[in-house]
Each structure stands twice: as structure tokens, then as C-alpha cells.
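Listed below are the residues making up each chain.
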Amino acid sequence: MKRDLRLERVYPQAPERVWRALTDRRALASWLMETDFEPRLGHRFTFRAKPQPGWDGVTYCEVTELDPPRRLAYTWRGGSGEGQPLTLDTIVRFTLTPEGAGTRLVLEHLGFSGVKSIFVSVFMKAGWRKKLRTTLGAVIAGLKDVPTASAPPTS
Amino acid sequence: MPRTAHATRAAGRRPTRDTVFRALGDPTRRAILDRLRHRDRGVNELCEPFDMSQPAISQHLKVLVDAGLVVATQRGRERIYQLRPAPLRAAYDWLGHFEEFWTAGLDRLGAYLDAEPDAVPPGPGRKR
């Protein structure tokens, strides 16, 4: 199951200006996060947010597509800290097309299926051919809240 | 035989997405979860397939309990571990998390663009 995020906006500013806001460090710091981004294919950089419990606040990125002022993509990886397993390995892609004098911006955050693969590795192994326990099956298929029979009452 | 629930200490607090992912990040812990899929098991039984000491397995079980993926129940003298898959939902919340994150981000981008002084004068055909 592939799970991607796609958002679309139209801005009155021309693609060149939107592009600049996507590729200028100061602009990025203003609307997104502090970063050492450079518009250069293969450039590795980070976004830094306020650390939270269990997350060091760092997103690790690498520019994978650069076609000004049309397309920009970078990897978007997150972990719980140095030496910890990556918990998120995704790609963010911006596509700009002229819309009148303005710009249609499509933001895609791709590859949440990579996260899914964790579940595949846990549950889709050989032993998994047996019938799923109902609760687990429901979780995997629909991710509904499925209290088990012996679940303690939740407050 | 009624079960005592005093050992279900993860039930009262909400495990974070990170603790769930961290718990899933280890192959031994995933193997433990896999074994618990079939039925509840005691710690000795869980140790069997692994070339690991019981304290080491207990440590892994603690991580799983903290993540809310497993609950421990005292049954007589034995501690029985039971799979609790609901926290796996947290993983799927990533998408919702980022939808909020980027929606707010694109709003801020729009505000930034509106506030930014025009470095380049807008073209004659520019619409407002």
C-alpha cells in the first residue's frame, strides 16, 4: 500500500519568486525551518526544528531533483537521533507550473510506503501465512481502534 | 482464573510514535512480536528461539511494553506477555502529521510571498 501526500496551492506570485522562496535559506527559515540548503543536485543538508522528547529535531535531506523554476525534490529522512534507526525515509517534491501570472504549486511528500515496510517485515513473514488474529488484521487493514477482549478500560 | 492487571503499566500513558518506531527498529523485538502473534507467552518461552539471556530478552520486552505494543500480565507465578497491536496505528499517523505540517507550511509560504517586497517588479499581466 502506497501512501503519499499531495497538496496543491495557487499563489499570485510568479514561479521565479515562489522558486526563490523554496530555495533561499533565509526564506526557508522564515516559512519552513532553519536549514543549510543549497540549490545544488546531490547537496546534503538538514532542517532543524526544536528538539522534542524522542526526536532530535533534525531532518536529513539530499537534493535529488533540481529544475528551476519547475521542480525541486529532496529526500526527507528523520530519526530519533545519532545512531538510532531511521524512522522516516521519504521524499518531498515541489512542482511549479505557471497559472496566469501566478504559480500553481504542488507539494508531494512521497514514500510513506517505506514506513509500511516495517510492518511488512514484522507481519508478512513466512509464519504470517496463517490466519491473522482478528485484531491484528483489522489494525493492518483499516487501522481502526480495536480493543482486545482483555483490554483494560481506557480512561 | 482472573488476571491481575497491575503489570499493564503502559496502558495508562500514551506511547509516542517514536517509542513505537524505536521498538520496531530491532529485529529481536520484531521476532518477539511475531511470536506473540500466535498466542500469549511467558518470558521463558520467549527466550527459547534466541541465543540470548533472559535479562536481555526481558530488556527487549520492557521496550515493547513501554511502546504499548505488549502488555505483561501476572498469571500465578509467571509473567505472560500479550501482543497489543493498536499502537501500530501511530505509524500511520505520520501521514496525518505531515498533512498538518505542510498545510501550515504552505500557508506560511503564502504569507511570506505576500509580505516579501517585490525584488522584481511584477509583469504587466499580473493579476491580483
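Residues numbered from 1 in each chain as written. Chains lettered and ligands numbered in written order. Predicted model: local features only at pLDDT ≥ 70, side-chain atom pairs only at ≥ 80, totals over all residues. Heavy atoms only, no water.

Novice: Just checking my understanding: could you explain the overall build of chain A for this structure?
Specialist: Scanning chain A for helices and strands turns up four helices and seven strands. What you see in chain A, going N to C, is helices and strands ordered as β-α-α-β-β-β-β-β-β-α-α. Looking at chain A residue by residue over its 155 residues, the buried ones come to 45%. Surface exposure of chain A reaches about 8100 Å², of which carbon and sulfur atoms provide 54%. (Helix = DSSP H or I, 4+ residues; strand = E, 2+ residues; numbered from the N terminus. Buried < 20%, exposed > 50% of the residue type's maximum accessible area, 1.4 Å probe, protein only. Areas by Shrake-Rupley, 256 points an atom, 1.4 Å probe, with all protein chains shown as cover.)

Novice: I tried to follow the sheet that holds strand 3 (residues 78–83) of chain B on my own but got confused; where do I start?
Specialist: What holds strands together in a sheet is hydrogen bonding between their backbones, with the strands either parallel or antiparallel. All names here are of chain B. Here we have three strands laid out as an open sheet, ordered 1-3-2, and antiparallel in their pairing. Lying at the two open borders of the sheet, with one neighbouring strand each, are strand 1 (41–42) and strand 2 (70–75). Of the pairings in the sheet, the one linking strand 1 to strand 3 comprises two bridges and is antiparallel in character. Across the sheet, G42 pairs through a bridge with I80, a residue of strand 3. The strands touched by helix 2 (residues 27–38) are strand 1, strand 2 and strand 3; relative to strand 3, the strand with the most contacts, the crossing angle is about 90 degrees. (Pairing = 2+ DSSP bridges. Contact = heavy atoms within 4.5 Å. Axes fitted to C-alpha atoms, helices over the stretch in contact; angles between N-to-C directions.)

Novice: Is there a simple way to think about the nonpolar core in this case?
Specialist: Soluble globular proteins: nonpolar side chains tend toward being buried together. Within the largest apolar cluster, 33 residues are counted, with the highest numbers of intra-cluster contacts made by L22, W31, Y74, W76 and F94 of chain A together with W102 and L109 of chain B. The element that contributes the greatest number of residues to this core is helix 5 (residues 89–115) of chain B, accounting for six residues. Not counting chain neighbours up to four residues away, the residues in contact with L109 of chain B comprise Y11, A21, L22, W31 and L105 of chain A. One finds A23, C47, A67 and Y81 of chain B within the second-largest nonpolar core, a separate group that totals 21 residues. (Core = buried A, V, L, I, M, F, W, Y, C linked by side-chain atoms within 4.5 Å.)

Novice: How should I be thinking about the confidence of the model for chain B in this particular structure?
Specialist: Caution is warranted with low-pLDDT regions, since their predicted coordinates should not be read in detail. Of the residues in chain B, 70% reach a pLDDT of 70 or more, and the chain-wide mean stands at 77. Within chain B, the lowest mean pLDDT, 72, falls on helix 1 (residues 17–24) of chain B, and the highest, 94, falls on helix 4 (residues 54–66) of chain B. (pLDDT = per-residue confidence, 0-100.)

Novice: I'm lost on the confidence of the model for chain A in this one. Help?
Specialist: Residues and elements named next belong to chain A. Of the residues in chain A, 61% reach a pLDDT of 70 or more, and the chain-wide mean stands at 73. Note on residues 80–85: pLDDT is under 50 here. Beyond four places in sequence and across chains, it has ten contacts. Contacts for the low-pLDDT stretch residues 114–155, under 50 throughout, to residues beyond four places or in other chains number 67 contacts.

Novice: Even after reading the chapter, I still don't get the pattern of salt bridges, so can you show me in this structure?
Specialist: Pairs may arise between side chains of opposite charge once their charged atoms sit close together. All chains considered together, the criterion is met by 17 salt bridges over all chains. Here E99 of chain A ties to R104 of chain A by a salt bridge, and the two come within 2.9 Å at their closest N and O atoms. R39 of chain B serves as the salt-bridge partner of E45 of chain B, at 2.5 Å between the closest nitrogen and oxygen. Residue R39 of chain B is classed as partly exposed on the basis of its relative accessible area of 42%. Salt bridges here are not isolated pairs; linked through shared partners, they connect R6, E8, E99 and R104 of chain A. (Salt bridge = Lys/Arg side-chain N within 4 Å of Asp/Glu carboxyl O.)

Novice: Would you take a moment to explain helix 4 of chain B for this structure?
Specialist: Residue and element names in this part refer to chain B. With 13 residues, helix 4 should cover 18 Å at 1.5 Å per step; its first-to-last C-alpha distance of 18 Å lies within 8% of that length. Those residues of helix 4 that sit buried are I57, H60, L61, L64 and V65. Along helix 4, the residues classed as buried sweep out an arc of 145 degrees about the axis, all on the same side. Downstream of helix 4 by a residue or two, G68 has a phi angle that is positive, lying close to 80 degrees. (Expected span 1.5 Å × (residues − 1). Arc of directions from axis to C-beta.)

Novice: Sorry, what's going on with the packing of helix 2 of chain B against helix 4 of chain B here?
Specialist: Angle between the axes and distance between the axes: these two values describe a pair of packed helices. Residues and elements named next belong to chain B. In the contact formed by helix 2 and helix 4, the axes pass within 10 Å of each other and the chain directions differ by 75 degrees. It follows from the interaxial angle that helix 2 and helix 4 lie roughly perpendicular. Residues T28, R29, I32 and L33 of helix 2 pack against I57, H60, L61, V63 and L64 of helix 4. Partitioned by chemical class, the residues of the contact of helix 2 with helix 4 number six nonpolar, two polar and one charged. (Parallel < 35°, antiparallel > 145°, perpendicular 65-115°, else oblique. Nonpolar A, V, L, I, M, F, W, Y, C, P; charged D, E, K, R; others polar.)

Novice: Would you mind going over helix 2 of chain B with me for this structure?
Specialist: Taking 1.5 Å of rise per residue, the twelve residues of helix 2 of chain B would be expected to cover 16 Å, and the 18 Å separating its terminal C-alpha atoms lies within 8% of that figure. Taken as a whole, helix 2 of chain B has its buried residues at T28, R29, A31, I32, L33, D34, L36 and R37 of chain B.

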